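# Structural description and commentary
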Amino acid sequence: MMLRVPKKLALGVVLVAMIVSQRGWAQDGSELLSAPSATVTSQAGNGNAANPSAGAWLQGCPSCGGAGCPACSPVCPVWCADHGFYAGSDFLFIRPHFSEAYAFVKLTQVSASPLVTEAEATNSHFGYEGSVRAFTGYRFDSGAELQFTFTHLHGDASSTGVPQAANEIFVDPLGNLATLGDMIHTNTSVETNVYDFDFTMPIALNNPHFGVKWSAGARIADVNEDYDALTLGPASSFVSSVRYSADFIGAGPRVGLEGRWLPRCDSCFSLFAKGAGSLLVGQLDVRAGATLPGFNGDQRASFTRTIPVAEIELGGSCRVLDCLTVSAGWLFQAWFDLGASGGNFGGFYVPTDDANIMSYDGLFLRAELTF
């Protein structure tokens, strides 16, 4: 027996069936679309499922986008920033130190019989002076960076010694004497130009408040040290002059590590600490000479030197505008085997410090623009 169904009822049943079918397909489609999304999130945090050993940093940091402070990311929130070109400069208020920056030695005769003398070395005291550092680079979506940095460090020091009694004598590094009525005046200067090429990559820690990144690259350095001493007699008559210089030009690898801490996930302010080390191989040229009435002599030597360099920076940063970040902090640098001033002071004084380190410390103020 055939059941006769009204046309309107049949059309209604077909319409309901089509709606139910479409809702079922939509639900299935959404589930299919949501599954890869969950997989991507898992890969970003824990590495590629096909290659569990691949770290999240290999896949890079998600793009932040938006204006103002960078948004948080479960992979590398601290380093999340606008990609593209950037540039900036630092004002450095620094001073150099030398392990053996002796300006002259003061001899004092305490007793004539038996003969007793005291020797006191006077160091070249450097004050804080302005220097500059400039950098430019490109930041990729992954958080990796390519950066070139130029640093110019400079320092000057001067000292003057005047014997006040007949038992006081001042000796320059080559042994020339300034007695009562004479005056010795010394000048010491150092100029360091550094060229750094670095590649930087963040390391995923899955921590919204703390981030770490490593860097590797190359450094070229040009260091010039100069010292001169002039001894004048009564009425500013010439007694003697001494000169000494050391010039080093070298290049080598450079590696570094930086850590940064955010107090809040959406904070524009952060604290950072970074360290770097270099190993430079190059030529060290040393020259020394003296001028006396009727005599003028010079000697020079060249060496191949390997110079280790250690650096530390501590400070804080604040992103005050979408494209402007300002930073401030303190820096320390140690250049090994470049801290000797030369000379033996005629055998009257034997240096007891053999560290032979040239170092810098001081304040830096930085401004960085992104484009």
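Residues numbered from 1 in each chain as written. Predicted model: local features only at pLDDT ≥ 70, side-chain atom pairs only at ≥ 80, totals over all residues. Heavy atoms only, no water.

With that out of the way, let us pick up the sheet that holds strand β9 (residues 210–232). Spatially, the ten strands close up into a barrel ordered β1-β4-β5-β8-β9-β10-β11-β12-β13-β14, and their pairing is antiparallel. Direction aside, neighbouring strands of the sheet carry axes that sit 20 degrees apart on average. By the bridge criterion, 23 bridges tie β9 to strand β10 (residues 238–261) in an arrangement that is antiparallel. Across the sheet, residue Trp214 finds its bridge partner in β10, namely Leu257. (Pairing = 2+ DSSP bridges. Helix = DSSP H or I, 4+ residues; strand = E, 2+ residues; numbered from the N terminus. Axes fitted to C-alpha atoms, helices over the stretch in contact; angles between N-to-C directions.)

Moving on to the pairing of strand β8 (residues 183–203). In the sheet, strand β5 (residues 145–161) pairs with β8 via 17 bridges, with the strands oriented antiparallel. Counted as the bridge partner of Ala157 is Thr188 from β8. Of the strand pairs in this sheet, β8 and β9 are connected by 21 bridges, and their pairing is antiparallel. Note that in β9 the partner of Asp196 across the bridge is Arg219.

Okay, the packing of aromatic side chains next. Enumeration according to the criterion identifies 15 aromatic pairs in this entry. Ring centres of Phe272 and Phe364 lie 6.3 Å apart, and the angle between their planes is 40 degrees; this geometry places the pair in the tilted category. Here Phe272 is found in strand β11 (residues 269–292), whereas its partner Phe364 is found in strand β14 (residues 357–370), with 92 residues between them in sequence. For the pair Phe272 and Phe364, one class covers both residues: buried. Through successive ring pairs, a cluster of aromatic residues spans Phe91, Phe93, Tyr128 and Trp330. Arg133 extends its terminal NZ or CZ atom over the ring of Phe364, reaching a point 5.9 Å from the ring centre. (Phe/Tyr/Trp six-rings, centres within 6.5 Å; stacked < 30°, edge-to-face > 60°. Buried < 20%, exposed > 50% of the residue type's maximum accessible area, 1.4 Å probe, protein only. Lys NZ or Arg CZ within 6 Å of the ring centre and 35° of its normal.)

Empty space within the largest pocket amounts to approximately 240 Å³. In terms of lining residues, the largest pocket is bounded by 17 residues, among which Tyr244, Leu284, Val286, Phe303 and Arg305 are the most central. Those elements that place two or more of their residues in the lining of the largest pocket are β10, β11 and β12 (295–321). Take the lining of the largest pocket: its biggest share by element is five residues, from β12. Residue composition of the lining of the largest pocket, grouped by class: nine nonpolar, three polar and five charged. (1 Å grid on protein atoms, 1.4 Å probe; cavity = no way out; pocket = protein on both sides within 12 Å on 5 of 7 lines; lining within 4 Å. Points joined across faces, edges and corners; volume = space filled by probe spheres on them. Nonpolar A, V, L, I, M, F, W, Y, C, P; charged D, E, K, R; others polar.)

With that settled, the discussion passes to the pattern of salt bridges. This model, assessed by the stated rule, comprises 18 salt bridges. Put simply, Glu311 and Arg219 hold a salt bridge, and the shortest N to O gap is 2.9 Å. Taken as a pair, Glu311 in strand β12 and Arg219 in strand β9 lie far apart in primary sequence, 92 residues in all. Taking the relative accessible area as the measure of exposure, Glu311 reaches 9% and is therefore buried. Within the structure, one salt-bridge network assembled from shared partners comprises Asp196, Asp198, Arg219, Arg254 and Glu311. (Salt bridge = Lys/Arg side-chain N within 4 Å of Asp/Glu carboxyl O.)

Relative to the elements of secondary structure, Phe371 occurs in the segment after β14. Look at Phe371 and you get exposed, because its relative accessible area is 65%. Beyond its immediate sequence surroundings of up to four residues, Phe371 is in contact with His83, Gly84, Phe85, Tyr86 and Ala87. (Contact = heavy atoms within 4.5 Å.)

Before going further, it helps to examine the environment of Met183. For Met183, the position within the fold is in strand β8. When the C-alpha positions of Met183 and Ser236 are compared, they lie 8.5 Å apart, and in sequence the two are 53 residues distant. With residues up to four places along the chain from it excluded, the contact list for Met183 reads Thr160, Gly161, Val162, Leu230, Thr231 and Leu232.

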